[in-house]
Amino acid sequence: MQTPTAPPRSLRRTLRTVAAATAAATVMLALPLIGASPAAAALPSCTTTDRGIVPAAGPKNHQCVLGVGNQGTAVRALQKSLRTCNGQNITVDGAYGPNTRQAVINIQRKAGIAQDGVYGPKTAQAMRWNTGQYCYNYLSLL
């Protein structure tokens, strides 16, 4: 009967690297939901905009979330309003990264709501929105 031997050191190192990379990828995918309330975690991602102004999950459906890693027109609309109507010095590039997250935290702090850096319905209501010429509060856009 043969005695089992340990795998070679290089294989063990490779397996540890793969495990670490998998764990890191899992954390990055979960970042938009870390710290989000259970209700916000159940909402869909914003994938479009309503009239090109407010991030939305569909026509007149603003019950959605955005977080680190999201990209596209919804993020671009959020960034545009953060910059032009809410005094946040961020780049409008359509990518929800650490600067957009911090700008959202700044809005959340000012509004006295949970400061998780995840954009959702409460953050939408706390912001002013750029319509092209003017900035309006959320309720006046509905």
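Residues numbered from 1 in each chain as written. Predicted model: local features only at pLDDT ≥ 70, side-chain atom pairs only at ≥ 80, totals over all residues. Heavy atoms only, no water.

## A closer look at the state of the cysteines
Counting across every chain of the model gives two disulfides. The residue that forms a disulfide with Cys46 is Cys64, at a sulfur-sulfur distance of 2.1 Å. With the S-S dihedral at roughly 95 degrees, the linkage between Cys46 and Cys64 falls on the right-handed side. With Cys46 in the loop between α2 (38-41) and β1 (48-50) and Cys64 in the loop between β2 (54-56) and α3 (73-85), the pair connects residues that are 18 residues apart, well separated along the chain. Note that Cys85 is cross-linked by a disulfide to Cys135, the S-S spacing being 1.9 Å. Taking the sign of the S-S torsion, about -80 degrees here, the bridge from Cys85 to Cys135 comes out left-handed. One end of the pair, Cys85, is in helix α3; the other, Cys135, is in strand β4 (residues 135-137), with 50 residues separating them in the sequence. Residue classification places Cys85 among the buried positions, given a relative accessible area of 12%. (Disulfide = S-S within 2.5 Å. Helix = DSSP H or I, 4+ residues; strand = E, 2+ residues; numbered from the N terminus. Buried < 20%, exposed > 50% of the residue type's maximum accessible area, 1.4 Å probe, protein only.)

## Let's talk about the confidence of the model for the protein chain
Looking at the protein chain, the pLDDT average stands at 83 and 72% of residues meet or exceed 70. By mean pLDDT, helix α1 (residues 9-30) is the weakest element of the protein chain at 53, and helix α4 (residues 98-111) is the strongest at 98. Residue range residues 21-36 is modelled with pLDDT below 50. Its contacts to residues more than four positions away, or to other chains, number nine contacts. (pLDDT = per-residue confidence, 0-100. Contact = heavy atoms within 4.5 Å.)

## Considerations on the nonpolar core
The biggest cluster of nonpolar side chains holds 21 residues, and the ones touching the most others in it are Leu66, Leu78, Leu82, Tyr96, Tyr119 and Trp129. Listing elements by their share of this core, those giving two or more residues are α3, α4 and α6 (138-141). The leading source of residues in this core is α3, at four residues. When sequence neighbours within four positions are dropped, the list of residues in contact with Tyr119 reads Cys46, Val54, Pro55, Cys64, Val65, Leu66, Leu78, Tyr96, Val104, Ala124, Met127 and Trp129. (Core = buried A, V, L, I, M, F, W, Y, C linked by side-chain atoms within 4.5 Å.)

## Here's the deal with the packing of aromatic side chains
Tallied over the entire structure, the rule returns two aromatic pairs. When the centroid spacing of 6.2 Å and the interplanar angle of 80 degrees are considered together, the rings of Tyr119 and Trp129 count as edge-to-face. With Tyr119 in the loop between α4 and α5 (121-126) and Trp129 in strand β3 (residues 128-130), this residue pair connects regions lying ten residues apart in the sequence. Residue classification places Trp129 among the buried positions, given a relative accessible area of 0%. When the ring of Tyr134 is compared with that of Tyr136, the centres are 6.4 Å apart and the planes differ by 70 degrees; the resulting orientation is edge-to-face. (Phe/Tyr/Trp six-rings, centres within 6.5 Å; stacked < 30°, edge-to-face > 60°.)

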